[in-house]
Amino acid sequence: MSDNSRAYPADFTFGVATAAYQIEGAASEDGRGPSIWDTFSHNTKGVLNGDTGDVACDHYHRWEDDLDLIASLGVDAYRFSISWSRLLPTGEGALNQAGVNFYNQLIDGCKARNLKVFVTLYHWDLPQALADNGGWAHRSTAEHFAYYAKTVAELYGDRIDTLCTFNEPWCSSILSHLYGVHAPGNTDLDLTLAVIHGQHRAHGLAVQAVRTVMPDLPLGIVLNCQAIRPASDSQQAKDAAQRHDRFHNGLFLDPLFKGHYPPEIVQHLGNRLPDGWQDDMESIHQPLDYWGLNYYTPEYITDSETGDEPYPNAQRVERQNVQRTDIGWEIDASALTELMVNLYNRYPLPPCYITENGAAYNHGLVDGEIDDQPRVDYLEAHLQAVLDIVAKDIALLGYFSWSLMDNFEWAEGYSMRFGLIHVDYQTQKRTFKKSAYWYQNLMSHRALTSPG
Ligand code: IFM
């Protein structure tokens, strides 16, 4: 393969991504209201070592230097999320002017550095006041979200390049309300289904609300669709993988892009969806300008051990003797290509951005340098997959590395480092890792240059 054939399209967007609770800190400064992640990290044992996002990367105070770092990487775009409770401390009502100012400065700072602005409205930090009122399972939360979305569009829409309603609604529903791993830490299937439906409703209402004030603002949603493979050739494993796909992917993709829940889900779980769900489907199914895919790892699935668990009655299999990152996620870039081909065959999807991709490796400083070659290898393999996807004429418009810098990795606290840039949490010093230099070099060539 010649170097030439490994070039990205001229208008391909490269970026780096972060999220508010993971980097901002200043959790109780300047009028910010608490969110469910403040409560979860402070009041439960749900986060490793009792870590919290109180300080995180102190980005709230260091945003200018951080934007300089992003610009120095040579990327085109910065993807970040807005903290709902920094803007609207109780999720509704009066605006917090300090919060408005912070995001004004941040967005203007991006523009001044020629960075496109990719804004996420919800990266898991529900205002605690709304959680106290029933959270996503309560219908009024969707209306409050639509108001928040419209407010963001009015405040910043003239300078935003794309607006995303939800980041990985699978995490803010299944991982957090069924598996109990993320805030608020519930383990209840009925609640989970109500939350999924509530977030879908919120998405649809938000899209409609934003269109009334900024009809041309590109709108989308970001999903962490699972790249599912049967764990064996057995029919049981294949059937389990299909059920797993309907539950973990179909519950999100089908309503958003087809306007209905997967028929098998309705058959098995329809009576556990919130009353009247059918009446919301048209409003949920809004035309979108783009969607984002966050991809990290494949999943191998077989049927559950007991066989009498609720739908989807399937379980993950951890394969032996495969390469994994420090967080334990198997590495396989071919599953990204396979997933994209599969999804575009099955759904009427708009153009896509890979809105997150990256690896947790915990290399530290040695003589002032961080040699994270495994992250470089991971990025290179996945950026080759990106070229493979583009070569298949799938409308893939861009790629964002997760993450700009090490940050608060949710239930793992600060123990897992996903950054291109190392953060010393004692001093807040930022240091480019080898992978940051590698990404910077890629930005100047816009092609993979080492042997494929
Ligand atoms: O850190 C998270 C991010 O917030 C959402 N996507 C996955 C990342 C790594 O776990």
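Residues numbered from 1 in each chain as written. Predicted model: local features only at pLDDT ≥ 70, side-chain atom pairs only at ≥ 80, totals over all residues. Heavy atoms only, no water.

### Re the overall build of the chain
The test is simple: The secondary structure listing takes helices from DSSP runs of H or I that are at least 4 residues long and strands from runs of E that are at least 2 residues long, numbered from the N terminus. As defined in this context, the radius of gyration uses C-alpha atoms, and a globule is described by 2.2 Å times the residue total to the power 0.38. With a 1.4 Å probe rolled over the protein chains alone, any residue whose accessible area is under 20% of its type maximum counts as buried; one over 50% counts as exposed, and the rest are partly exposed. Residue contacts are defined here by distance: any two heavy atoms, one from each residue, within 4.5 Å place the two residues in contact. Values of accessible area rely on a 1.4 Å probe in the Shrake-Rupley scheme; residue burial ignores everything except the protein chains shown. By the counting rule applied here, Lys and Arg register as positive and Asp and Glu as negative, while His and the ends of each chain are not counted. Just so you know, the charge point we use is NZ for Lys, CZ for Arg, CG for Asp and CD for Glu.
What the chain contains, in helices and strands, is 15 helices and 13 strands. Compactness check: the chain gives a C-alpha radius of gyration of 21 Å against a globular reference of 22 Å for 452 residues, within 12% of the reference. Oriented by its inertia axes, the alpha-carbon framework of the chain measures out at about 60 × 55 × 45 Å. Buried positions account for 60% of the 452 residues belonging to the chain. Sequence-distant contacts, at least 24 apart, represent 77% of the contacts inside the chain between residues at least 6 apart. With an accessible surface of roughly 17100 Å², the chain has 47% of that area assigned to carbon and sulfur atoms. Averaging the locations of the 32 positively and 59 negatively charged side chains of the chain gives two centres separated by 2 Å.

### Looking at the state of the cysteines
Note the following rule: A pair of sulfur atoms, both from cysteines and within 2.5 Å, is called a disulfide here.
Under the definition given, this model contains zero disulfides. Take C164: it sits in no disulfide, and the sulfur closest to it among the cysteines is that of C352, at 12 Å. Residue classification places C164 among the buried positions, given a relative accessible area of 2%. Lacking any disulfide linkage, C225 is separated from the closest cysteine sulfur, that of C352, by 8.6 Å.

### Notes on the sheet that holds strand 4 (residues 162–167)
The cut-off we apply is this: If DSSP finds at least two bridges between two strands, the strands pair. Axes here refer to lines fitted to C-alpha atoms; in helices the fit is confined to the stretch in contact. Angles between the N-to-C directions go from 0 to 180 degrees.
Around the barrel, eight strands lie side by side as 1-2-3-4-5-7-10-11; this closed barrel has parallel pairing. Strand-to-strand, the axes of this sheet are offset by a mean angle of 25 degrees, without reference to chain direction. Judged from the three bridges that link them, strand 4 and strand 5 (residues 219–223) form a sheet pairing that is parallel. Opposite L163, over in strand 5, you have L219 as the bridge partner. Relative to the sheet, helix 10 (residues 235–258) contacts strand 5 and strand 7 (290–294), its axis offset from that of strand 5 by approximately 165 degrees. Each of strand 1 (13–17) and strand 11 (396–402) is contacted by helix 15 (residues 434–445), which is oriented at about 160 degrees to strand 1, the strand it contacts most.

### Points about the site of the ligand
How we decide: Nearness of a residue to a molecule or strand requires only that one of the residue's heavy atoms be within 4 Å of it. The term polar contact refers here to a pair of N or O atoms within 3.5 Å; inside protein, the definition further demands a hydrogen-donor-capable atom paired with an acceptor-capable atom, and it admits residues adjacent in sequence only when both atoms are side-chain atoms. For this classification, Asp, Glu, Lys and Arg are treated as charged, while Ala, Val, Leu, Ile, Met, Phe, Trp, Tyr, Cys and Pro are nonpolar and the rest, including Gly, are polar.
Around the ligand, the surrounding shell consists of Q22, H123, W124, N167, E168, Y296, W329, E356, W402, E409, W410 and F418. Taking W402, its side chain carries an N or O atom lying 3.3 Å from an oxygen atom of the ligand. W410 is positioned with one of its side-chain polar atoms (N or O) 2.8 Å from an oxygen atom of the ligand. Within the complex, 95% of the 280 Å² of free accessible area of the ligand lies under protein. Residue composition of the shell around the ligand, by class: six nonpolar, three polar and three charged.

### Points about the pattern of salt bridges
In plain terms, the rule: We define a salt bridge as a side-chain nitrogen of Lys or Arg found within 4 Å of a carboxyl oxygen belonging to Asp or Glu.
According to the stated counting rule, one finds 28 salt bridges in the structure shown. K434 serves as the salt-bridge partner of D371, at 3.5 Å between the closest nitrogen and oxygen. A residue pair is termed long-range when its members are at least 10 positions apart, and D371 in the loop between strand 10 (352–356) and helix 14 (373–391) and K434 in helix 15 qualify at 63 residues. Look at K434 and you get partly exposed, because its relative accessible area is 35%. Close ionic contact of D406 with R417 constitutes a salt bridge, the shortest N to O distance being 2.6 Å. In this pair, D406 is assigned in the loop between strand 11 and strand 12 (421–424) and R417 in the loop between strand 11 and strand 12, connecting sequence segments eleven residues apart. Of the two residues, D406 and R417, both sit in the buried class.

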